[in-house]
Structure formats: structure tokens, C-alpha cells
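These are the residues of each chain, in order.
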Number of protein chains: 2
Amino acid sequence: MKKENAISNKKFVVIGGGTGTFSVLSGLKKYTDHITAIVTMADSGGSAKKERDEWGLLPSSDVRKSLIALSNGSSGDSLLLRKLFQYRYSEGRGIRGMSFGNLFLVALTKLLGSQEKAIEKAGDILKIRGRVLPVSFDKVDLVAKYENGSTVVGEHFIDDPKDNGKVKITQLATKPRTKITNEAKKAILESDVIIIGPGGFYTTILANFAVSGVKEAIMQSRSQKIFILNLMTEYGQTYEFSASTFIKELDKYLPVTSLDFVFANNAHIPDDVLKKYRKYHAIPVLNDLPKKIPFKLVSADLLSSQKIAMEKGDTLKRSLIRHDPEKIVSLCIKLLT
Amino acid sequence: MKKENAISNKKFVVIGGGTGTFSVLSGLKKYTDHITAIVTMADSGGSAKKERDEWGLLPSSDVRKSLIALSNGSSGDSLLLRKLFQYRYSEGRGIRGMSFGNLFLVALTKLLGSQEKAIEKAGDILKIRGRVLPVSFDKVDLVAKYENGSTVVGEHFIDDPKDNGKVKITQLATKPRTKITNEAKKAILESDVIIIGPGGFYTTILANFAVSGVKEAIMQSRSQKIFILNLMTEYGQTYEFSASTFIKELDKYLPVTSLDFVFANNAHIPDDVLKKYRKYHAIPVLNDLPKKIPFKLVSADLLSSQKIAMEKGDTLKRSLIRHDPEKIVSLCIKLLT
């Protein structure tokens, strides 16, 4: 049996939702459709605010990104729909900055009566491989407590701090408390491989662990567990974090003794890129893990060679470098089979 | 050969774009896909204003309605897309009152680079039978001159007059002047049957004739020509019009000697419906045509028995009664074969 075939029979759960998870999902979908992306719906900024306040819905940005990542449209109408889903309006009062994908999900929710059905149906229309499951359908806010004693409510304010950027988050929770859905729990329990990250560490990854029952389901599952370290630190979330800091922090939400593998990038990041990141107080994640660790550290070139440009209409800062989908999956194939 | 088969081989051109044309297109698509809907893009109110002013595009409401009318989605994703296309947002600052279909066409135009391509592609996605062709792609305003000497610029203000509702329009033009596209001209010249109306008499029907070359193409074509009279008068456009007034007015834009048939409804309109219309100063179109007319008058029951409800989020007044698609097509089958 070919190694690729072996991976195609495994059931993957990918926890995250942002651009990091996008790379993982984009890579995996070429080998299997046994993929479940688990994401939170706790955004609060930009068009998410509109979805929450004006439509009474849960924000769907991470859902949308994961749907696009898994969409299999390589030609014809499904490719076009994929592009439409990514399209962000650059003009129009009240619409500028909104993505078509989110407006699509809003209309679909109104037509079908629930966001759950809308997400499933959007997946059908986009011909996705696998499925996207929100970790919970309750309307909650992320709450971060910082080491200086302050508390910030709302994903948007945690992601984009003003003066708080260098202050460490000591505790992440949701308000009110919320519980994992039965579907997401089932997906985790029945999975063969769980991939956590990379991505916005608190706002897209640990945000899932702030939901009751996620940690327990992961620990209970017999699947192999991979944590993918970020390429760069992020001001406001992981300022000056090294690999050890990431692992120490993750351990508060999921005992790292349950991890099988941790992936770290060892490829050099170009100097001109580093210079740009420095403006945002971001540096590469230094691999300073000690020799004695309860998981296997896999250090490899995980860097995509594709240059990322800002998209027209983008209002959020975006990462300039990405994990390479193919490199991540190659590593999975090598290790898991 | 069955009569239905005979009609399926004929090439139809339908000129209009509003709810009246919707009925004609809905009926025709069950028998043939040789249908070209010719519509104007000269709206100026509501979301049309947004399309014009904020996106720099031509308003697509009549295009959208005709696409929906021709869409052949009777099940699965294409039915869902059809419903989505009709969906109008009832909430959301800057979005309330906009239709998903228009936002879809805006995004598609931005992706594909032209409204022409976007309309064609939307037709593919909605699996329409036939096609929808704007009569012109120039950015123009409708201009109406009234018998009291006043001039009104903008489709929206003609459609929804304040004090001017009872004053007759004496001349309709576009500003600046515009010309029929080659495609629309070709469709008219190659057609076997041209159906004009029913619908908003000045704003959706004669608006096409205000475009240079439309009249000439219709007169030059050897097709059979049908004009369908409206069921009800409309305050501001056709206040207290009878069948003769319609014909006299139409004659200014297209010599009625070129018509083969005029369809008039003779079914009784229920009293409760008439009562509602009276609030809008609207009455049934009285058939007062003299015996000597240069076309065949076909008086028949054309009324749909379906009750029309206001849609959630509707901001425009809509007709409460409609032409019956099946009755119109049956008449066509009877007369044209």
C-alpha cells in the first residue's frame, strides 16, 4: 500500500479556523475527505460585529475560511463560487469590508432557518471535502485576563490590543460558559489524527479550548495528536513567545503529555519579511525546547515559498508568510503511516 | 406535430423586466429555451441607487428578476440558488432592503470585470432557460416630460411620484441618449415572436423604446408581435388609462400597426382586491378598444388565481394580482401555431 493511501483512510480533526488552519486544510483535502474542521464562532470585530448585532447571528469568518480551504472547486462554477466566497466588497456604504461569503451565509441562514443547516449547505454548494463544525452554537464572548490584572471582553479587542500588546494573557474563557456540541465531540472521539493549529493562538486555537468538553474529548480520544507551532509571534497574543512559552501555555488548556508530535519550522525566513514583521513587534518563534519533552519534536522546513499580498479591501493585518500545505501533509504522511 | 412542440421551436424575445414580464418568462420557459429577455438597467431607487452611486455599476434589478424567472431550478442546489437570488435582507445597516441577487451580481461583476459577463455567468449558475440581455450598457437616466410642462429625471421618481401621480407623461427619453446593443438587436431581428409587456408601462416597458434602435429593430424583424395589456392602471404612470390610452401611448414609441396581437384580460378581479388597489388610485384597465383596429384583440381570462403576499423586507409597493404564466402561454400556443 502506498503511503498516500494510508493517510487517505485516516479521519482528521483540525482545530483552529484562521489562515494557519487554512494551510493545513488545503493540504489535507488533496489526500482525503475524512476531514472535520472545528472552529469557534466568537469573533467580534468588523463584519462579525454586524452579524452579531444586526442579524443576531454567530460570526462566521472562521467558518467561511475553512469552507474555502476545503472547497474542491478546481474548475467551472465551483471554482467561481469559491472565488466569490472569498470576495470582499471594497465599496458600498455598510458593505465595504464585508465578505460575500459571510453575506451568503447570512442569507442562507435566513432561508434555511439555522446556521447549522446553512454551514452544511454552503459546504455542499462549494463541494468541500470534509465538513466544518462550529465547536458550539451558543452566543458567547471571549474573555481574556492579563497578568497586569486587566480583563478584556471580545475576540476583536484581544486580537487587536492597544497598549496591552506586550502583556501576557493568563486566562482565556468564554462568557457565558459554553459546551462543545455533540457533533464536534463525536468527530474528535472518532478521529485518528487531531491537528491543533497553527494560527492566532488565543483567538482561534485556544478559543476552542475555552469551550467546555473540548479538552476532555481530545484526551479521551485515542487519535494521534499534533500541535503545529506558529512561524511568527504576534503582538497582543504571543509577544516574544518562544516554542517553550507556547508549549507551557498550551499545557494550561490541554496537557501536553497527550501530544504525540509538535511541528516546528526550521527554514530561514527572509530578512525583508522579518523587517516588515518587526513593525508589528513580531519575530520568528524560537525553538528553545529542552531535550526532555513528553512528545516528539519535528523540526523541518514548513515555510511556503509563495509570497502573500494584501488583498484589496483587506482591513485586517494578515500574515505575510504561511505554512506550506504540501510540506505539512508530507510530514504527516511520513510520521503517521 | 403537437402544438407544444411547434412553440418550442420558435425564438421568443420578451421586452420588459418587471413582475409582468416575470409571468411571461415563467410560462415560456416550460416550453422552450429559445428565450431572450430584453431589459433596461435604468433603475435609480433603493438598492439601484447604491449600485449606481457607490459601485459605479448599472442597476440590475430587472436583470435579477428576469434571471429568476428563467431559472430552471426545480430541485437541489439550483432551486436553492434561485431562492437565495430572491432573498432580500430585512436587517443590517446599509444592507436592509437589498437583495442577495443584486449583491451576487455586484461581486460577480468585480470578479469577472464586466456586468455583461456577470449576467451571462449568473445565468449559467442559475441554469436559466434562455438568456437575459440588457438593452444597453450605457449609464443613463430616464427622463419623463409631463403634460403640465414639468420634467422628472430618474426612474425612481417617475415610478413613485408625489403630487404628479395623475399627470400624464407626454414624452419618455434617456439622458444622455443611448443605443441598443448589437446582441439585443440581433436577438430581435432573429426572433419569431416578440412579446411586449405587461409591466410598469413607462419605467420597464417603454424605457426600452427610449433606447435608439429598439423600435427600428422590432419593425424590421419579421416576427409576430404581441402586446400584453396591464391588468390594472398605475398611479403616476398610467392613471385612469383604458386599453385605448395604452395603445395610443404605445403608438408614439412603436407604430401599433406593426402589432399582430394585443392580449387583454377579461376575467373579473375580486372586489376585495379592487378595494386594496383603490387606495393606490388604481383601477382595472377597461377594454374600450374600437372595432376597427390594426391588430387582433384577444380578450381572455389571463388572471392568476394565486394570491400574492407582500414579501418580508419589501419596501416597494407590489401588484397584488398577476398574469397567469400558463394562461398567457396557452394563448400563444393557440395563436402562433
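Everything below is about the structure printed above this text.
Residues numbered from 1 in each chain as written. Chains lettered and ligands numbered in written order. Predicted model: local features only at pLDDT ≥ 70, side-chain atom pairs only at ≥ 80, totals over all residues. Heavy atoms only, no water.

Colleague: Go over the relation of the copies chain A and chain B with me, naming the residues and quoting the values.
Modeller: Superposing chain A onto chain B takes a rotation of 180° combined with a translation of 0.0 Å along the rotation axis, leaving an RMSD of 0.0 Å. Taken together, the rotation angle and the small translation identify this as a two-fold axis. Minimal C-alpha separation from the rotation axis in chain A is found for Gly94 of chain A, amounting to 2.1 Å. Most of the interface of chain A is mirrored in chain B, where 100% of its interface residues are also at the interface. (Least-squares fit on C-alpha atoms with pLDDT ≥ 70 in both. Contact = heavy atoms within 4.5 Å.)

Colleague: Before we move on, can you summarise the interface of chain A and chain B with the specific residues and values?
Modeller: In this complex, chain A contributes 28 residues to the contact, which on the side of chain B involves 28 residues. In this assembly, chain A packs against chain B so that about 2,600 Å² is buried in total across both faces, 69% of it on carbon and sulfur atoms. In terms of surface lost to chain B, no three residues of chain A exceed Glu54, Leu80 and Leu111 of chain A, which account for 19% of the buried area on that side. Joining chain A to chain B, the criterion identifies four salt bridges. (Buried area = accessible area lost by both parts, 1.4 Å probe. Salt bridge = Lys/Arg side-chain N within 4 Å of Asp/Glu carboxyl O.)

Colleague: Please provide a residue-by-residue account of the packing of aromatic side chains, values included.
Modeller: Counted under the stated rule, the structure contains 23 aromatic pairs over all chains. Between the aromatic rings of Phe100 of chain A and Phe104 of chain A, the centroid separation amounts to 5.9 Å while the plane-to-plane angle is 50°, which identifies the pairing as tilted. Taken together, the residues span about one helical turn, with Phe100 of chain A and Phe104 of chain A both in helix α6 (residues 100-112) at a distance of four residues. The rings of Phe85, Phe100 and Phe104 of chain A together with Phe85, Phe100 and Phe104 of chain B are connected pair by pair, giving a single aromatic cluster. (Phe/Tyr/Trp six-rings, centres within 6.5 Å; stacked < 30°, edge-to-face > 60°. Helix = DSSP H or I, 4+ residues; strand = E, 2+ residues; numbered from the N terminus.)

Colleague: Which residues make up unusual backbone geometry, and what values do they have?
Modeller: Residues and elements named next belong to chain A. Following Lys175, the chain continues to Pro176 via a peptide bond in cis, the omega torsion being -5°. With respect to the helices, strands and loops of the structure, Pro176 is situated in the loop between β6 (169-175) and α9 (182-190). The peptide bond linking Gly197 to Pro198 adopts the cis configuration, its omega dihedral lying at 0°. Following the sequence through the fold, Pro198 ends up in the loop between β7 (193-196) and α10 (201-209). One non-glycine residue, Glu240, lies in the positive phi region at around 60°.

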